[in-house]
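Understanding the architecture of this molecule
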Amino acid sequence: MELSAVIISVVALATSLLLGWRALTLSRQSNTVPVLIDLFREHRSDRLADARHFVHNELSKYDLTKGLSELPQEKQTLIRELAWFYDNLGALVTHGIVDVAPVSGYLGVSVLAVWERMQPLIEAERSKRQDSIDPQRWQIYFENLYHLIQELPPERARSTQRLWRLQHSDLQAGDPANAIANNGAG
């Protein structure tokens with residue numbers, strides 16, 4: 001009799017723990033989903049699409065070693081908005097507010113391509129900020145997001161999902177940067 005009571009108690013405890021863990025997971029997801037939807041919507045906005053188009057098609061025409069000051073004022077604003085978007089997104093991922101998998105799966109190609117094109121400009125801006133308390137801080141979360149997405153590439157982020165059915169991605173055969181020029185997501 002005592003053994004059966006212990007077994008029932010252990011099963012009840014295990015069930016409670018499992019249900020509690022599931023409730024916590026669902027609660028976290030319910031808080032994250034609106035954030036992700038807003039971020040994805042902002043990334044698709046005309047303003048950030050124009051910024052990505054500029055980065056992909058025109059940024060290389062400027063001397064990026066001089067930083068933002070080399071760009072026309074309107075383009076400086078576009079670049080700042082795009083960089084800050086990725087920096088804010090990187091902060092959310094780094095601090096566990098948003099999981100890296102959906103970010104990499106949906107925006108990863110864009111993050112990788114934009115960082116690679118903007119890195120010389122960001123490094124120049126950091127050099128200009130040597131008098132600040134933390135000059136390397138400028139766009140540090142964007143840079144960290146770049147590295148996190150390299151660790152979990154977009155194709156793997158998508159293909160490891162339980163509900164992903166495609167065996168390959170059109171992006172595998174092409175230049176990932178085309179996602180910026182074509183549709184902005186990636």
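Heads up: these notes are all about the structure in this document. (Residues numbered from 1 in each chain as written. Predicted model: local features only at pLDDT ≥ 70, side-chain atom pairs only at ≥ 80, totals over all residues. Heavy atoms only, no water.)

1. Overview of the pattern of salt bridges
Let me state the cut-off plainly: Here, a salt bridge means any side-chain nitrogen of Lys or Arg that lies within 4 Å of a carboxyl oxygen of Asp or Glu. In this scheme, a residue with accessible area under 20% of its type's maximum is buried, one over 50% is exposed, and one in between is partly exposed, where area comes from a 1.4 Å probe on protein chains only. The helix count covers DSSP runs of H or I at least four residues long, the strand count covers runs of E at least two residues long, and both are numbered beginning at the N terminus.
Under the definition given, this model contains eight salt bridges. With a shortest N-O distance of 3.9 Å, Lys66 and Asp63 are connected by a salt bridge. Overall, the relative accessible area of 45% leaves Lys66 in the partly exposed class. Among the salt bridges present, the one from Asp87 reaches Arg137, with a minimum N-O distance of 3.3 Å. Pair noted here: Asp87 is in helix H3 (residues 73–94) and Arg137 is in the loop between helix H4 (100–128) and helix H5 (140–151), with a separation of 50 residues, a long-range link. Using a relative accessible area of 34% as the deciding quantity, one classes Arg137 as partly exposed. In this structure, a network of salt bridges that share partners links the residues Glu125, Lys128 and Arg129.

2. Digging into the packing of helix H2 (residues 46–57) against H3
How we decide: Comment: axis = line fitted to C-alpha atoms, over the contacting stretch for helices; angle = value between 0 and 180 degrees taken between N-to-C directions. Roughly parallel here means an angle under 35 degrees, roughly antiparallel means over 145, roughly perpendicular means 65 to 115, and every remaining angle is called oblique. Between two residues, a contact is recorded if the distance between any of their heavy atoms is within 4.5 Å. Any residue that is not Ala, Val, Leu, Ile, Met, Phe, Trp, Tyr, Cys, Pro, Asp, Glu, Lys or Arg is counted as polar, Gly included; the first ten are nonpolar and the last four charged.
Contact pair H2 / H3: the axes reach a minimum separation of 9 Å and the direction vectors enclose 105°. Relative to H3, the element H2 is oriented roughly perpendicular. Residues Arg47, Leu48, Asp50, Ala51, Arg52, Phe54 and Val55 of H2 form the contact with H3, whose participating residues are Lys75, Thr77, Leu78, Ile79, Glu81, Leu82, Phe85 and Tyr86. Among the residues forming the contact of H2 with H3, the class breakdown is nine nonpolar, one polar and five charged.

3. So, the environment of Pro102
In this fold, Pro102 is placed in helix H4. With a relative accessible area of 29%, Pro102 lands in the partly exposed category. Here Pro102 is in contact with Leu36, Phe40 and Leu107, once residues within four sequence places are set aside.

4. Observations concerning the nonpolar core
The line we're drawing: The criterion is simple. A nonpolar core is a set of buried Ala, Val, Leu, Ile, Met, Phe, Trp, Tyr and Cys residues joined through side-chain atoms within 4.5 Å.
In terms of nonpolar packing, the biggest core is built from 38 residues, with Leu59, Ile79, Tyr86, Leu89, Val103, Met118 and Phe142 touching the most fellow members. Of all elements in the fold, only helix H1 (2–44), H2, H3, H4 and H5 reach the threshold of two or more residues within this core. For this core, the element with the most residues is H4, which contributes 11 residues.

5. Let's talk about the packing of H3 against H4
Each pair of packed helices can be summarised by the angle the axes make with each other and by the distance between the axes. Heads up, the condition is: Each crossing gets its handedness from the near helix: less than a right angle anticlockwise from the far helix is left-handed, clockwise is right-handed.
The N-to-C vectors of H3 and H4 enclose an angle of 135°; their axes lie 11 Å apart at closest approach. The angle between the axes of H3 and H4 places the two elements in the oblique class. Here the hand of the crossing between H3 and H4 comes out left-handed. Judged by residue contacts, Ile79, Leu82, Ala83, Phe85, Tyr86, Leu89 and Val93 of H3 engage Val100, Val103, Leu107, Ser110, Val111, Val114, Met118 and Leu121 from H4. Looking at the contact of H3 with H4 residue by residue, the class counts come to 14 nonpolar, one polar and no charged.

From the geometry alone we can't say anything about function, so treat these as descriptive.
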